[in-house]
Every structure is written in C-alpha cells, then in structure tokens.
Amino acid sequence: MSNRFEDRLTRLRAELAARGLNAFYVSGEPNVAYFTGKKGNDCALYVTQNDAVIITDFRYREMAQSLTWLEYYEIGIGRSVFDFINSRFEKKIGIEKDRIRLSLALSFKEKCPSKEFVPEEDIVLALREVKDEYEIEATKAACSIAMLAFDHMCEFLRPGLTEREAAAELEYFMRKNGAEELSFDTILITGAKTSLPHGVPGDDVIKKGDFVTMDYGCKVGGYCSDETRTVAIGQPSQEMIDVYNIVLEAQQNACDKIHAGLTGRECDAFARDVIEKAGYGEYFGHSLGHGTGLEIHESPRYAQTNNEPIKAGTIVSIEPGIYLPGKFGVRIEDLALVTETGIINFVTAPKELIIL
Ligand SMILES: [Mn+2]
C-alpha cells in the first residue's frame, strides 16, 4: 500500500510526463516537505518516472534514511549535487524558477553542460492546492490552538501593555499549547496603527477606547492556521462600532455564500459589495482571501483578478477589512475548508464586537 507521500510522487510524475520532462529538481523548502513530511532545510529531491532521491548531507542522514519511499544521496567531499546529476542519464530536468537560488541554477548550467535545465512554474505548489485528510486535520488542530490563544488574550489584554508584550504572550501561549512554530510574524497592533493591514508590533501602549487587531497563526504537522480578530479595549466610538459591524456583515456574507465552483472574483465580491455599498470601498484595498497549507499564502486567491473556479478541498482565509488612515482599522478573518455546497469554518471564535 502506498503512503500519502508516494501518492504525491505519482501525481508529480504524471505532471512531468505531460510536460516532457525526464526529471524534476525540487528545491523549494515547503515543496520538499510535501514529499517528506519533514521540515526540509538544505534538502532537495530529484524525481524521475522510476526514482525519487533525497539529496542532503550528514546532518540530515538519519532523517533522510527513515523516509523509505525515497533513495538517499549524501553530499560530501567528492559527492556534490552536480556529481549526482552528471551521474544520471536523464537529459531534460525541470527546475523551480520561483524557488531555486539563481546561483545554483547558474552552477547547474556551468557544471552539468550535457543537461538541459528547464525553468518551470511552481508545479508542486499546484499539486498542493487541494488538501487531503491529513492536511485538513493538521490545519484544524492549528486553528484550535489559535482559538485557545484568542480566549487567553481576551483575559490578558489590558490598558498599559505594549504591543510587543501582548504579542509575546500570544506567541508563548501558542507554543506552550502545542504549536510547532508560528505561521508568520504576529500582527498585534493598537490605536491608529490598526489602519496598517500588516502593522508590526512595537512599543505602542494599549489604551482605553482603542481597537487591538490580532492577526496570527501557528503550525501543527507543518500546516498553518490564520485568524484575525479585532477587539475593543473599553468603550469604542460610534464610528468604530459602525465600521466594525460593516466588516462583520461583509465577512459573514462571504462565509454564507462561498462554495466550490464560484470564481475567486465572485467570492471576493460577496464581501466587497457590502463594504462598497456602505461607502468604504476605497478603504478595503486588499483581496478577500488566500489559500493556506505548508505556507501561509498558497492557491487559490479570492481576488478581483482571479476568474478561475475555486476547487473543493481547498483551505482559504476569508478576511475583509476597512482601514481608515490615521484613525483605525478593522479586520475579521476565518480559515475554512471549501466544499461543493459551502464552507466548513475552522475558526469558531466569536465575531461579534468584544469590548474588554
Ligand atoms: Mn490571512
């Protein structure tokens, strides 16, 4: 019986055959991880119709040898990756043009002159778009830790804390509760800084009457969670409440209506139309959502520019926002599995405005 990694190799081989490639050199870390189940620093794969070889060095020997569906080639003195490729008979080798280091690609050309290296789009990323059962469960587990962290932060947040102190608490809580690492740099910002969609936590102090926006996530089994909540510290102004409720309505409308088969543009419009109708269209300057997986930003995109139908089995964020420069911003984000008939939302943390 084949394991999920062998199934993935089979799908990659079909893609190579369709493109007339004899071999494919996988060098992007998350792409390597997709076939190993391990975090793949300094590892690469060489995949042909018959072979799949992991190429790395002594530091990863035991790990690499434990992957029974891969052969192992150890780099060392007199055994470079170029020696390995020159020892193979395959002529036409695909490389990942979005992932490979330029210096390595140039060295391939120079040191393996009898080979043809074909810069390919991110074939493995495309294979990663639709998730299997393991990937879905891992993402759900990561979302569960993030939701626990949100409950904790609702207890912890108070006037007088700096953004950095609060962000540190959030990250420490997730690590203590089973997170392997963070999905991305935590965004925890307050006051006027909440108008920066990707603001960086600093020495700014949380004050009464301010919003705090937390956009954060962690990884379990290699898979990312992604969640954003905006909460008020003490009584917010009427304008803050009104804007919050517009974003909430937009976000909920998208959650209610998204399903497989709609285009990314149509999904984006479920939220954008609500915000535009309320007169805040120009303050929602990013797209509605993105796929997640081994990386925080994957396919598909819920964007005005995406006219492709969304596939069932993708995991996508739903995150509208309104950002008023110099005043405040609001974003609400869930992460959900797309099905033929709707979504299964992995983030069940409350969305109504919480006033702490
Ligand atoms: Mn996101």
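It should be noted that the structure appears before, not after, this text.
Below you will find a few notes about this structure. Nothing here was measured: the structure is a model prediction, and the numbers come from that model.

Digging into the coordination of the manganese ion
No. 1: Each protein donor to the manganese ion is listed here as Asp226 (OD), His290 (NE2), Glu319 (OE) and Glu333 (OE); together their distances run 2.0 to 2.4 Å.
No. 2: On the primary sequence, the residues serving as donors to the manganese ion are separated as D-x63-H-x28-E-x13-E. Here His290, found in strand β13 (residues 289-291), pairs with Glu333, found in the loop between β17 (328-331) and β18 (334-338); they are 43 residues apart in sequence, far enough to count as distant. For the pair His290 and Glu333, a shared accessibility class is recorded, and that class is buried.

A short note on the sheet that holds strand β3 (residues 52-57)
Two orientations exist for strands paired in a sheet by backbone hydrogen bonds: parallel and antiparallel.
No. 1: An order of β4-β3-β2-β1-β5-β6 is seen for the six strands of this open sheet, with the pairing classed as mixed. In this open sheet, the two strands that pair with only one neighbour each are β4 (71-75) and β6 (116-120). Across the sheet, the mean angle from the axis of one strand to that of its neighbour is 25 degrees, orientation sign disregarded.
No. 2: Where helix α1 (residues 4-19) meets the sheet, its contacts fall on β1 (23-26), β2 (44-48), β3 and β6, and the angle it forms with β2 comes to roughly 60 degrees.
No. 3: Strand contacts of helix α2 (residues 29-36): β1, β2, β3 and β5 (92-96), with the helix running at about 60 degrees to β2, the strand carrying the most contacts.

Quick word on the packing of aromatic side chains
No. 1: The full count for this structure, using the stated rule, is eleven aromatic pairs.
No. 2: An angle of 10 degrees between the planes, with centres 4.8 Å apart, marks the rings of Phe5 and Trp69 as stacked. On the criterion of sequence distance, the pair formed by Phe5 in helix α1 and Trp69 in the loop between α3 (61-65) and β4 is long-range, its members being 64 residues apart.
No. 3: For Phe5, a relative accessible area of 8% translates into the label buried.
No. 4: When the ring of Phe108 is compared with that of Phe117, the centres are 4.8 Å apart and the planes differ by 5 degrees; the resulting orientation is stacked.

Notes on the nonpolar core
No. 1: Residues Leu157 and Met214 are the most contacted members of the largest nonpolar core, which totals 35 residues.
No. 2: For this core, the element with the most residues is helix α7 (residues 133-156), which contributes eleven residues.
No. 3: Excluding residues within four positions of it along the chain, Leu157 makes contact with Ala166, Ile206, Val212, Met214, Val231, Ile233 and Leu356.
No. 4: Core analysis: the second largest hydrophobic core is formed by 33 residues, Val243, Val274, Val330 and Val338 among them.

Re the packing of helix α9 (residues 238-257) against helix α10 (residues 264-277)
Between two packed helices, both the angle of their axes relative to each other and the distance between the axes serve to describe the pair.
No. 1: Closest axis-to-axis distance for the α9/α10 pair is 8 Å, and the angle between their directions is 155 degrees. On the basis of the axis angle, α9 is roughly antiparallel to α10. The handedness of the crossing between α9 and α10 is right-handed. Between α9 and α10, the contacting residues are Ile246, Glu249, Ala250, Asn253, Ala254 and Lys257 on the first element and Phe270, Ala271, Val274 and Ile275 on the second.

Some words on the pattern of salt bridges
No. 1: Inspection of every chain in the model, using the stated rule, returns 29 salt bridges.
No. 2: One salt bridge in this structure joins Asp203 and Arg164, with 2.5 Å as the shortest N-O distance. Taken together, the residues Asp203 in the loop between β8 (187-190) and β9 (210-216) and Arg164 in helix α8 (residues 163-176) connect sequence positions 39 residues apart.
No. 3: Take Asp203: its relative accessible area is 56%, and that puts it in the exposed class.
No. 4: Two residues, Arg229 and Asp334, come together in a salt bridge whose shortest N-O distance is 2.9 Å. Taken as a pair, Arg229 in strand β12 (residues 227-233) and Asp334 in strand β18 lie far apart in primary sequence, 105 residues in all. Each member of the pair, Arg229 together with Asp334, is buried.

Observations concerning the environment of Asn307
No. 1: Mapped onto the elements, Asn307 comes out in the loop between β14 (298-302) and β15 (315-318).
No. 2: C-alpha of Asn307 to C-alpha of Gly234: the two residues are 73 residues apart in sequence and 43 Å apart in space.
No. 3: Discounting residues that sit within four places of it in the chain, Asn307 has contacts with Thr263 and Arg265.

What about the sheet that holds β12?
No. 1: The three strands are arranged β8-β9-β12 in an open sheet whose pairing can be described as antiparallel. Two strands close off the open sheet at either side, each with one partner strand: β8 and β12. Averaged over neighbouring strand pairs, the angle between their axes works out to 10 degrees when direction is ignored.
No. 2: One ladder, built from four bridges, connects β8 with β9; its direction is antiparallel. Paired with Ile189 across the bridge in β9 is Thr213.

Each value, and the rule that gives it
Numbers given for residues are sequential positions, taken from 1 along each chain in its written order. Restriction of local features to residues with pLDDT of at least 70 applies here, the model being predicted, together with a cutoff of 80 or more for giving and counting side-chain atom pairs; totals for whole chains, interfaces and linings are based on all residues. As a rule here, side-chain values cover all heavy atoms of the structure and leave hydrogens and water aside. Coordinating donors are taken as N, O and S atoms within 2.8 Å of the metal, stretched to 3.2 Å for Na, K and Ca; because water is absent from the atoms, sites can appear incomplete. The way it works is that DSSP assigns letters per residue, a run of H or I at least four long becomes a helix, a run of E at least two long becomes a strand, and they are numbered from the N terminus. When accessible area is computed with a 1.4 Å probe and restricted to protein chains, residues below 20% of their type maximum are described as buried, those above 50% as exposed, and intermediate ones as partly exposed. Strands were regarded as paired on the criterion that DSSP finds at least two bridges between them. Simply put, an axis is a line fit to the C-alpha atoms, just over the touching stretch for a helix, and the angle between two N-to-C directions goes from 0 to 180 degrees. Residue contacts are counted whenever heavy atoms from the two residues lie within 4.5 Å of one another. Aromatic rings from Phe, Tyr and Trp, with only the six-membered ring used for Trp, were paired whenever their centres fell within 6.5 Å, and each pair was classed as stacked if the ring planes differed by under 30 degrees, edge-to-face if by over 60, and tilted otherwise. What is meant by a nonpolar core is a set of buried Ala, Val, Leu, Ile, Met, Phe, Trp, Tyr and Cys residues, joined one to another through side-chain atoms within 4.5 Å. Angles are sorted into four bins: roughly parallel if under 35 degrees, roughly antiparallel if over 145, roughly perpendicular if 65 to 115, and oblique for all others. For a crossing to be left-handed, the near helix must be turned anticlockwise from the far one by less than a right angle; the clockwise case is right-handed. Between Lys or Arg on one side and Asp or Glu on the other, a salt bridge is scored when a side-chain nitrogen of the former is within 4 Å of a carboxyl oxygen of the latter.

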